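Next come the chains, spelled out residue by residue.
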Amino acid sequence: MPMNPEIKSKWLAALRSGEYEQARGGLMRILHRNFETGKIGVGFCCLGVLCDLASQESVCRWQDREAVTIDMFGRSNFNGDSLPAPVAEWAGLKESDPEVSTSIGVVARLSELNDSYRLTFSQIADVIEEHL
């Protein structure tokens with residue numbers, strides 16, 4: 001069963017929009033903090049972008065987007081690099097970190113394409129579009 005086409009379309013648009021800053025090593029990460037204003041800059045991995053879309057649709061929510069360590073359920077460390085089960089189900093994905101093949105001849109999980117292979121969001125969107 002393929003991914004939910006409506007959610008896939010939103011995910012691809014979000015990845016290609018330039019609105020999300022890319023990060024590695026977790027679904028969402030603090031990239032910088034302005035101590036004068038208190039504002040933070042956050043980045044997302046490709047799966048974190050999907051989690052953010054799910055939070056906008058009230059599937060789940062980020063517990064504390066202002067915290068130094070964040071995840072979808074408020075756990076104290078932020079080493080998670082796969083989708084929470086409710087997000088995967090909402091999106092129609094069989095796996096919490098889907099494995100895909102790429103045009104560069106690599107079979108890898110989406111988190112690996114983001115973190116290890118360092119593909120851009122646009123490149124990852126192309127892979128998702130073709131293989132999910």
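The following refers to the structure shown. (Residues numbered from 1 in each chain as written. Predicted model: local features only at pLDDT ≥ 70, side-chain atom pairs only at ≥ 80, totals over all residues. Heavy atoms only, no water.)

Turning our eyes to something else, we now look at the pattern of salt bridges. Counted under the stated rule, the structure contains five salt bridges. Among the salt bridges present, the one from D126 reaches R16, with a minimum N-O distance of 2.8 Å. Of this pair, D126 sits in helix α5 (residues 121-131) while R16 sits in helix α1 (residues 5-16), and the two are 110 residues apart along the sequence. Here R16 makes a salt bridge to E129, at a shortest N to O gap of 2.9 Å. Of this pair, R16 sits in helix α1 while E129 sits in helix α5, and the two are 113 residues apart along the sequence. (Salt bridge = Lys/Arg side-chain N within 4 Å of Asp/Glu carboxyl O. Helix = DSSP H or I, 4+ residues; strand = E, 2+ residues; numbered from the N terminus.)

Glancing now at the packing of α1 against α5. Running from N to C, α1 and α5 point in directions that differ by 160 degrees, and their axes come no closer than 8 Å. Put simply, α1 runs roughly antiparallel to α5. Relative to α5, α1 is oriented so that their crossing is left-handed. Of the residues in α5, those touching α1 at K8, W11, L12, L15 and R16 are F121, S122, A125, D126, I128 and E129. When grouped by side-chain class, the residues that make up the contact of α1 with α5 number six nonpolar, one polar and four charged. (Axes fitted to C-alpha atoms, helices over the stretch in contact; angles between N-to-C directions. Parallel < 35°, antiparallel > 145°, perpendicular 65-115°, else oblique. Left-handed = near helix turned anticlockwise from the far one by under 90°. Contact = heavy atoms within 4.5 Å. Nonpolar A, V, L, I, M, F, W, Y, C, P; charged D, E, K, R; others polar.)

Ranked by internal contacts, the top residues of the largest apolar core, which has 39 residues, are W11 and L110. Looking at this core, the elements with two or more residues in it are α1, β2 (40-44), α2 (46-56), α3 (85-91), α4 (110-115) and α5. Residue contributions to this core peak at seven residues, all from α2. Leaving out residues up to four positions away in the same chain, L110 has contacts with W11, C46, L47, D97, P98, V100, I124, I128 and L132. (Core = buried A, V, L, I, M, F, W, Y, C linked by side-chain atoms within 4.5 Å. Buried < 20%, exposed > 50% of the residue type's maximum accessible area, 1.4 Å probe, protein only.)

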